[in-house]
Amino acid sequence: MAAAAAASFAALPCLLLLMLMLPSLDAASNVSYDHRSLIIDGRRRLVISTSIHYPRSVPEMWPKLVAEAKDGGADCIETYVFWNGHEIAPGQYYFEDRYDLVRFVKIVRDAGLLLILRIGPFVAAEWNFGGVPVWLHYVPGTVFRTNNEPFKSHMKSFTTYIVNMMKKEQLFASQGGNIILAQIENEYGGYLEEYYGPAGKAYAMWAASMALSQNTGVPWIMCQQTDAPHPVINTCNSFYCDTFQPNSPTKPKMWTENWPGWFQTFGESNPHRPPEDVAFAVARFFEKGGSLQNYYVYHGGTNFGRTTGGPFITTSYDYDAPIDEYGLRRFPKWAHLRELHKSIKLCEHTLLYGNTTFLSLGPKQEADIYTDQSGGCVAFLANIDSDKDTVVTFRNMKYDLPAWSVSILPDCKNVVFNTAKVQSQTSTVIMVPESLQASKSDQWSTFRERTGIWGKNDFVQNGFVDHINTTKDSTDYLWYTTSFSVDGSYSSKGSHAVLNIDSKGHGVHAFLNNELIGSAYGNGSKSSFTVELPINLRTGRNELALLSMTVGLQNAGPSYEWIGAGFTNVNISGLKNGDVDLSSNNWAYKIGLEGEYYSLFKPDQRSNKRWIPQSEPPKNQSLTWYKVNVDVPQGDDPVGIDMQSMGKGLAWLNGNAIGRYWPRTSSTDDRCTPSCNYRGTFNPDKCRTGCGQPTQKWYHVPRSWFHPSGNTLVVFEEKGGDPTKITFSRRVVSSVCSFVSEHYPSIDLESWDKSTANDASATAKVQLSCPKGKNISLVKFASLGNPSGTCRSYQKGSCHHPNSLSVVEKACLNTNSCTVSLSDGGFGKDLCPGVIKTLAIEADCA
């Protein structure tokens, strides 16, 4: 059957073949698999996917995000299902707004894309509590992710609810929909399964069996689960998965999480994985028999924080979403991966139906060759040396292979793509600030939180309670308050007494006699902390109020649901008569903030009498709520709000939670490097940037949240800041760059056909394009020769053609896009024979 299919495919013209291989979404599809790939309606499929986690964006963004993913070469979208966003209380479900899962799946379907539904329902995902509802922790006898009956019962109920919802809407491929795979659990195998012992193994097997009993008509997968039982497919999550092998020779090789970047943790810099290395990893994966890979980026990665009553993202990490124009940082060379996808698709049939041969080309150079019965031939030439460029000989032809790169030859002769040779442009993105344009003359209103107990205390007890067990994540905040008396005998030995606080996390603001005396926090890897704060005591009664804060809940790890927060020890040292232990004092507790209680962030509270109008808001004042009416930023560019002038807190626009803001500065000792070499294995400590800079400065505000007029911005500031310096910023592509050498592949991937002989005279070209509605207004740099540097810092080399600027200006000025060939006659005579020519261009868009 495979031979007949191969023969029939060989006879089809290229474009018709691609059309036939598009997913059929209007009729039921049989989805199965063999050792090579998924098989959809009898045809093996090579799948390139990317992640769009629907609650991390808003519905108005979904169609464009999906369209951009498709334009980037993806034929599939992956998403988790976020349990704590959907089952807000036992048996009470929510599927509206950002949690409208059916709407999201249908948008993906209507775009002609497949979908991988990772139900979990534990997802980790840097998401609050790993996606498990907090209420489940308080169901008697519940232990997460082990052979525990209460947990399994609720997990099965939710999984069944989601599956039945998809079935009702006929969204599984077996019903004519686009869902081709479903996932149960998430990254459980190995260490976690061993931690829970025999109960862990029993739970993993139960989860697989429970999933199979759902009868979805599509295969189930389990990532990082080496003991996934047949027929569940185990998959790989990593920076590299080329050496991964499934646990059975009957299962295909799948990569469910390709990590193009790494999220930052508090106090650390932000690593960014070079696109050349991402491309190298993807090419190696398909070279070694991979059939499905998913970019694990938060496509549409907004920074929505939390407010009372809703589960949101764990923290305001700035996720790097390469194909999302809405992300406030952008992978500048995503188009490089788009070209990779086109190249791999040219090889699809031979990769999936051919036989493979391995050939050594040198000490660290190799070739994997695929041939099919129709005469098709595909070769991957790899140089896995992380230092040395080389030239290899393959089938009596020489090929240039930079270090740590793969060349793709869809006909075993012509190179259409090399992972290290970035032919696509680099876009420079800037944030253009706009001051808050007040809609009314009375710009500001404020409300000052009372320190400590506001209203009536919730309870009083000797000693400390656990923060999370008390608030149950209904709020970030819990007040711990006590009082103590000081007389003359308590005079300090030195200049100051010291307040010592030990806490399980996550943070504290300490107030003595209604004055903020200091703050302290844990970090992303260790939430507990100890702090020593010098204090001035007064004779007589002293009031101590500690505002304990959480910053999202633990999202993964062994027994993570038992990790607490709040104080374990509080004492005063440095006194003449010895330390004073306050831990066993009588403490009064209050859950949440007064402003939260009155819902001051909601639109219907704009005229609340508690707001005090002020023409000039107070600055550097702790525990203060600010309200201001603002206009819509001009244009249609993505919008961020710049909170660098503030300390720490929460923000809302028209009642929508923008998120927690906390512009902490990363350490200057985080091993940042001025440049990043793509060569060699990537890890989270490589390619760090931003040392000494705020870990996040801008927070995304979807344009759909703005009204034409009458917009209300509400900010709660914990520590103190200057709200008058808050600005909106528009994300704008300001310039484009390209750096292409004459030995780069010059084949047009859009029209190339294997049956057409390669034109040896074809030369490499530079292609530049500004965003829609903008033109190239200025060519800032152009050099054909041997220029060096990177975008925005190109430099002329010893070889430079003096006509470079005029040639580029002639082709590009005042156009939206342009192409410049390295063989353009306008460059004139070759002034540097023997030098491999490179054309570098930087141009402004306006």
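I will try to describe carefully the structure that is included in this document. The structure presented is a predicted model; accordingly, all values stated were derived computationally and were not measured.

### Comments concerning the pattern of salt bridges
Item 1. By the definition in use, this model includes 32 salt bridges.
Item 2. With a shortest N-O distance of 3.8 Å, Lys-345 and Glu-348 are connected by a salt bridge.
Item 3. The exposure class assigned to Glu-348 is buried, which follows from its relative accessible area of 2%.
Item 4. Close ionic contact of Glu-616 with Lys-619 constitutes a salt bridge, the shortest N to O distance being 3.5 Å.

### Quick look at the sheet that holds strand β34 (residues 612–614)
Item 1. Ordered by their spatial adjacency, six strands build an open sheet running β34-β23-β35-β41-β37-β38, and the pairing between neighbours is antiparallel. Only two strands of the sheet have a single partner each, and these edge strands are β34 and β38 (656–661). The average undirected angle you get between the axes of adjacent strands in this sheet is 20°.
Item 2. Note that strand β37 (residues 649–653) and strand β41 (residues 711–717) share five bridges and pair antiparallel. Note that in β41 the partner of Ala-651 across the bridge is Val-715.

### As for helix α7 (residues 149–168)
Each α-helix winds once per 3.6 residues, and so residues spaced three or four apart point in a common direction.
Item 1. Taking 1.5 Å of rise per residue, 20 residues should cover 28 Å, and α7 covers 28 Å from first to last C-alpha, within 8% of that figure.
Item 2. Buried within α7 we find Phe-151, Lys-152, Met-155, Phe-158, Thr-159, Ile-162, Val-163, Met-165 and Met-166. What you see down the axis of α7 is that its buried residues fit within an arc of 165°, all on one side. Exposed side chains of α7 directed beyond 90 degrees from the buried face belong to Glu-149 and Lys-168.
Item 3. The N-cap of α7, judged by a side-chain oxygen 3.0 Å from the amide nitrogen of Phe-151 a few residues on, is Asn-148.
Item 4. Note on α7: the residue one or two positions beyond its end, Gln-170, has a positive phi of about 55°.

### Observations concerning the side chain of Asn-585
Item 1. Within the secondary structure layout, Asn-585 lies in the loop between β32 (580–581) and β33 (586–591).
Item 2. Only 3.5 Å separates the side chain of Asn-585 from the backbone oxygen of Ser-483, close enough to count as a polar contact.
Item 3. Setting aside anything within four residues of it in sequence, one finds Asn-585 in contact with Gln-461, Asn-462, Gly-463, Thr-482 and Ser-483.

Reading the values: the criteria
- All residue numbers refer to positions counted from 1 along the written sequence of the respective chain.
- Given that this is a predicted model, residues contribute local features only at a pLDDT of at least 70 and side-chain atom pairs are listed and counted only at 80 or more, while totals for whole chains, interfaces and linings are drawn from all residues.
- Heavy atoms throughout the structure, all of them, feed into the side-chain values; hydrogens and water do not.
- A pair is scored as a salt bridge if a Lys or Arg side-chain nitrogen falls within 4 Å of a carboxyl oxygen belonging to Asp or Glu.
- When a residue's accessible area, from a 1.4 Å probe over protein chains only, is under 20% of the maximum for its type it is buried; when over 50% it is exposed; and in between it is partly exposed.
- We treat two strands as partners when DSSP finds at least two bridges between them.
- Segments assigned H or I by DSSP are reported as helices when at least four residues long, segments assigned E as strands when at least two residues long, and all are numbered from the N terminus.
- A fitted line through C-alpha atoms represents every axis, and for helices the fit uses only the stretch in contact; the resulting angles, taken between N-to-C directions, go from 0 to 180 degrees.
- The length a helix should cover is 1.5 Å for every residue beyond the first.
- By arc we mean the arc of the directions from the helix axis to the C-beta atoms, nothing more.
- Two N or O atoms count as a polar contact when they lie within 3.5 Å, although within protein this holds only if one can serve as hydrogen donor and the other as acceptor, and sequence-adjacent residues are included solely when both atoms are side-chain atoms.
- Any two residues whose heavy atoms approach within 4.5 Å at even a single point are treated as in contact.

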